[in-house]
Amino acid sequence: MTTLLLLFVFFLCLSAAQGADSAADDLPPIVFTVRFQYVRDHHNTANFFPSAQNEYNTGKFTPGGALKLRHTDGAVETLLETKTGVVRDPDVHWDAKKIVFSYRKDINDSYHIYEMNPDDRSIRQLTFAKDVDDIYPFYLADDSIGFSSTREPKYCGCNRHIMANLYRMDADGANIYQISKNTLFDSRGRMLPDGRILYDRWEYVDRNFGDSQSLWTCNPDGTNHAVYYGNNTPSPGAVIDARPIPGSGMITCVFATCHDRPWGALAIIDRKLGIDGDKPVHRIYPQDSRTLIRDTSPSFNPDLFDAVKQKISSPITLDTERVLYTMQIKPNSEKTGLYLGAVDVSGTLLYEDAEYGCYEPVPVILRQRPPVLPMKRDFTSTTGFFYVQDVYQGTHLQGIQRGDVKYLRVVESPEKRFWSTAGGLSTVNPMVNWDELMTKRVIGVVPVNADGSAYMEIPSEKFVYFQLLDKDGVMLQSMRSGTSVQPGETAACIGCHEDRLAAVNVSGRILAAVNRQPVKLSDTTPAYSYIANVQPVWNQYCVSCHNGEKKSPLVLTGEAGLVFNRSYSELWAKHWIKTVGSGPAKHLQAKSWGTIASKIYPYLTTNHEGINLKEQAPDAFKKVAEWIDLNGPFYPDYATSYPENPYGRCPLTYGEVQQLEKLTGQKIFEFSHVRGYNIPAYWDEREQLNPRDAVYLKAFTSLNFDEPQKSVVLQEIKNKPSTSTDVYNAALQIVQLGGNRIEYNGANDIGGFRYCGMDVWREAKYQLRRSRELEVRKAVAEGRKLYDK
């Protein structure tokens, strides 16, 4: 039996503990942690419950635990114990003489990185930043330390939880700098044998939040981020805790869920067989959990792996025949134990703590160092380069002929720096769009050469994606994942949704983009605002008819409503635009959404009431097309003037809305108006009018803060003989109050408005952390050491 087959037998043998076993006789020392299982929260990444001022869910922090060492004779020793804090995420140095871990001393502390000498138990602290959590440390090949950190304070688009990215520091804790720029969460980094970092990444662009956590790789300097497995797999909702299997070219990982803790089924992935779905999954335990994998999903459920009865976490191979892991002692129990899986032997319980669960085992053994990859970033630069070989190479380009693509649009999906108490749309706080979670910013447009190549210089460390445009600026296909370049990096891709396991033959031809200077894109474009870009088009060309007074199926006037303006709500609710919204994990075919697939498209491109917008006003047409193709955004910013009010946007308080409802007898706001999960099945039904949308449209257009007396709810009660003048005037005054607040604070749907006090504080914190990052980079460029503070 080959060594790989021996390893696979392990998955056929796992079961409940059977007592002592000969497979455990020659085990090396094992360091691991004990603690209570994390409290379930919004997402599996929400497990550190920050103490930092004004952060979310600190109260779920559960103290108590220890860092322990199991000796070769089975005796277990406590290396570090805490009753008020938590020890987590240990990793062992290549020479087995140091242990790095994350430690939070109490609820008022943050997680910092520490290092221990296991021989004399001496400990030194490496990171110190206030109101910052540093977690998941791991040793790099050159003795530097990688870890995940909240040093760039930003929040998940679908809730209020602070996110973390990958960072690295020198072995002595000096020169901490960021090496990933995802807008959400990057964590659990591990070194691959070839010198790259393997990590799990949660990110979404124009897709649902729940099925978008997968495995990625990057170089230790932060260059060359690339998908490894699972980015377009609907289930599992999360692929985490990955480690390489020595000598096999495969990895172990955990198939987990979106909303539970970081545990689930144990899987072996062979990437040579694919990067998504069931095919690359060589083995999985429990074996029946294979039925929970989805290549395509008829309905949205990122939590299918909740069905695993005895969930596993932190798998790590000792050799080609044995694997350490932690697992629930009993089905559906919160208590976990330390287990060994051995070939042809049932899983053996190595240790069960009297009080806590066991987590994160790592053998204390000598390990072969991966090669040290050369540094490819320039710490003095603010730009990088991106090269596309041939946009016509790839999948999901049906109906696109060579020559159709004339431009490449570069779009930034900015980080979310703010959150509000109130919100909507899957707890996005505050609301920013009708049916999507992100704001947008167009960096620029780059010409595509006849051979399909393009070359650009773009601002570094911007989370961007690309769209293929035709000669009229209409989107033909779009990425729904993000990328970035580090300062001085030159990144490249083959094409659009290309097969990542295939090679493209370009021998014998010189690509046009190679012989030209890159198109330089600036960093000065404002964030995208519907009010600034699209409403002026309707005002100039359309509202003379589409004004609500003449018989028309669509009203395009721009009065401010409860959360959006009138035209925006009408276009979305009545499905005049076909956007992907928070769409499915699967790749979508070219031309399947956007302007070209929208009901409004023929009205923009043919003679409609005496005007063909595309022919007679091409710039106006491009503005409308750009908006639809960006997935129909509305607000340019996550900041707000009204964090406690309905949707985090309404200028009226909940109490004032309730008073208005009482006066008018009309329901204006209720939580059911707020869209919950946007199931991918809804994508396939988007042509149909959904009953929910009629409810949203009525709610969002019930008030008119620009001309309060024209509010729908006021018009309705004014026409009732039973309505007294006092009741009407009282209701009118409430709507006028909202209008006055908008006038005072500025409209939140366009730049330059007055931030609420908390958002002013959050922006100041963001800029402070950013200034520190730039100080470190300057020190690195100058060959100096700068330590944490």
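Residues numbered from 1 in each chain as written. Predicted model: local features only at pLDDT ≥ 70, side-chain atom pairs only at ≥ 80, totals over all residues. Heavy atoms only, no water.

1. Details of the overall build of the chain
If you tally the helices and strands in the chain, you get 13 helices and 32 strands. Its C-alpha radius of gyration of 28 Å places the chain within 12% of the 28 Å reference for a compact globule of 789 residues. For the chain, the spread of C-alpha atoms along the three principal axes comes to 90 × 70 × 55 Å. Among the 789 residues that make up the chain, the fraction classed as buried is 63%. By sequence separation, contacts in the chain at least 24 residues apart represent 64% of the contacts at least 6 residues apart. (Helix = DSSP H or I, 4+ residues; strand = E, 2+ residues; numbered from the N terminus. Rg over C-alpha atoms; globule rule 2.2 N^0.38 Å. Buried < 20%, exposed > 50% of the residue type's maximum accessible area, 1.4 Å probe, protein only. Contact = heavy atoms within 4.5 Å.)

2. Observations regarding the pattern of salt bridges
Applying the stated criterion across every chain yields a total of 54 salt bridges. A salt bridge links D319 to R322; its shortest N-O distance comes to 2.9 Å. Using a relative accessible area of 13% as the deciding quantity, one classes R322 as buried. Residues joined by salt bridges that share partners form a network here, namely R40, D260, R261, D306 and E334. (Salt bridge = Lys/Arg side-chain N within 4 Å of Asp/Glu carboxyl O.)

3. Focus on the side chain of D200
Its place among the elements puts D200 in strand β13 (residues 197-202). A relative accessible area of 1% means that D200 is categorised as buried. A polar contact of 2.7 Å, which involves the side chain of D200, links it to the side chain of S187. Engagement of the side chain of D200 in a polar contact is seen with the backbone nitrogen of D241, the distance being 3.4 Å. If we skip the residues at most four places from it in the chain, D200 touches F185, D186, S187, R188, Q213, S214, L215, V239, I240 and D241. (Polar contact = N/O pair within 3.5 Å; in protein donor to acceptor, adjacent residues only side chain to side chain.)

4. Re empty space enclosed by the protein
Per the stated rule, a full pass over the model turns up 9 cavities of 30 Å³ or more. Of the pockets and cavities examined, the largest cavity occupies roughly 270 Å³. Elements supplying a minimum of two residues to the lining of the largest cavity: β4 (86-92), β8 (134-139), β12 (185-191), β16 (238-245), β20 (312-317) and β24 (357-363). Examining the composition of the lining of the largest cavity, we find that 4 residues originate from one element, β20, more than from any other. Its residues assigned to classes, the lining of the largest cavity shows 11 nonpolar, 3 polar and 7 charged. Computed from the structure, the second largest cavity encloses a volume of approximately 170 Å³. A per-element tally of the lining of the second largest cavity places helix α13 (residues 757-781) first, with 6 residues. (1 Å grid on protein atoms, 1.4 Å probe; cavity = no way out; pocket = protein on both sides within 12 Å on 5 of 7 lines; lining within 4 Å. Points joined across faces, edges and corners; volume = space filled by probe spheres on them. Nonpolar A, V, L, I, M, F, W, Y, C, P; charged D, E, K, R; others polar.)

5. A look at helix α7 (residues 618-629)
Between its first and last C-alpha, α7 extends 16 Å over 12 residues, near the 16 Å set by a 1.5 Å rise per residue. Regarding α7, the residues found buried are A620, F621, V624, A625, E626, W627, I628 and D629. Just downstream of α7, N631 is the residue with a positive phi angle, here 80°. (Expected span 1.5 Å × (residues − 1).)

6. What about the packing of helix α8 (residues 654-664) against helix α12 (residues 725-745)?
With their axes 9 Å apart at the nearest point, α8 and α12 run at an angle of 150° to one another. Viewed along their axes, α8 and α12 adopt a mutual orientation that is roughly antiparallel. Like other packed secondary-structure pairs, α8 and α12 cross with a definite hand, here left-handed. Between α8 and α12, the contacting residues are E656, Q659, L660, L663 and T664 on the first element and V727, A730, A731, I734, V735, L737 and R741 on the second. (Axes fitted to C-alpha atoms, helices over the stretch in contact; angles between N-to-C directions. Parallel < 35°, antiparallel > 145°, perpendicular 65-115°, else oblique. Left-handed = near helix turned anticlockwise from the far one by under 90°.)

7. Some thoughts on the confidence of the model for the chain
When pLDDT is averaged along the chain, the result is 90; 91% of the residues meet or exceed 70. Predicted confidence is poor over residues 1-21, with pLDDT under 50, and the contacts of this stretch with residues over four places away or in other chains come to 55 contacts. Overall, residues 672-687 carries pLDDT values under 50, and its contacts beyond four positions in sequence, including any with other chains, amount to 60 contacts. (pLDDT = per-residue confidence, 0-100.)

8. A word on the nonpolar core
Within the largest apolar cluster, 92 residues are counted, with the highest numbers of intra-cluster contacts made by W538 and W627. If you tally residues by element for this core, the top one is α7, at 6 residues. Core analysis: the next-biggest nonpolar cluster, separate from the first, contains 29 residues, F32, L80, I316 and L324 among them. (Core = buried A, V, L, I, M, F, W, Y, C linked by side-chain atoms within 4.5 Å.)

9. A closer look at the sheet that holds strand β32 (residues 519-520)
In space, the 4 strands of this open sheet follow the order β31-β25-β28-β32, with mixed pairing throughout. This sheet does not close on itself; its edge strands, each paired only once, are β31 (490-493) and β32. Judged from the 4 bridges that link them, strand β25 (residues 383-388) and β31 form a sheet pairing that is parallel. Note on β31: the bridge partner recorded for Y387 is A492. (Pairing = 2+ DSSP bridges.)

10. A look at the sheet that holds strand β29 (residues 464-469)
Spatially, β27-β26-β29-β30 is the arrangement adopted by the 4 strands of the open sheet, whose pairing is antiparallel. Looking along the sheet, the strands with just one partner apiece sit at the ends: β27 (441-447) and β30 (475-478). Between one strand axis and the next, the sheet turns through 25° on average, direction left out of account. Here strand β26 (residues 407-412) runs beside β29; their pairing, made up of 6 bridges, is antiparallel. Looking at the pairing, V410 lines up with F466 of β29.

11. Points about the layout of surface pockets
One number sums up the size of the second largest pocket: a volume of about 760 Å³. As for the second largest pocket, its lining consists of 35 residues, and the residues nearest its centre are E412, E415, R417, K462 and D523. With 6 residues, the single largest contributor to the lining of the second largest pocket is α13. Of the residues assigned to the lining of the second largest pocket, the class counts are 13 nonpolar, 7 polar and 15 charged.

12. Digging into helix α4 (residues 566-573)
Burial of α4 is extensive: 8 of the 8 residues sit out of reach of the surface. Burial in α4 covers these residues: R566, S567, Y568, S569, E570, L571, W572 and A573. For α4, the N-terminal capping position is held by N565, with its side-chain oxygen 3.1 Å away from the main-chain nitrogen of Y568. Note on α4: the residue one or two positions beyond its end, H575, has a positive phi of about 60°.

13. Points about the packing of aromatic side chains
Applying the stated criterion to the full structure yields 34 aromatic pairs. When the ring of Y177 is compared with that of F379, the centres are 5.0 Å apart and the planes differ by 80°; the resulting orientation is edge-to-face. Here Y177, found in strand β11 (residues 177-178), pairs with F379, found in the loop between β24 and β25; they are 202 residues apart in sequence, far enough to count as distant. Residues Y177 and F379 agree in their burial class; the two are buried. With a centroid separation of 5.9 Å and 70° between ring planes, the pair formed by W202 and Y204 is classed as edge-to-face. The same class applies to W202 and to Y204, which are both buried. The side chain of R88 reaches across the aromatic face of Y111, ending 5.3 Å from its centre. Positioned above the aromatic ring of W576, the side-chain terminus of K599 is 4.4 Å from the ring centre. (Phe/Tyr/Trp six-rings, centres within 6.5 Å; stacked < 30°, edge-to-face > 60°. Lys NZ or Arg CZ within 6 Å of the ring centre and 35° of its normal.)

14. Some thoughts on unusual backbone geometry
Here the residue pair S235 and P236 is connected by a cis peptide bond, since its omega of 15° sits within 30 degrees of zero. Position of P236 among the secondary structure elements: in the loop between β15 (226-229) and β16. With an omega of -5°, the peptide bond between Y285 and P286 qualifies as cis. Relative to the helices and strands, P286 is located in the loop between β19 (281-285) and β20. In the Ramachandran plot, D241 falls in the positive-phi region, its phi being about 55° despite a non-glycine side chain.

15. Some thoughts on the pairing of strand β21 (residues 322-328)
Where a strand is regular, its side chains alternate between the two sheet faces. Burial within β21 is extensive, with 7 of its 7 residues counted as buried. The pairing of β20 with β21 spans 4 bridges and is classified as antiparallel. From the neighbouring strand, I312 faces β21, where its bridge partner is M327. In sequence, β20 turns back onto β21 through a hairpin of 4 residues.

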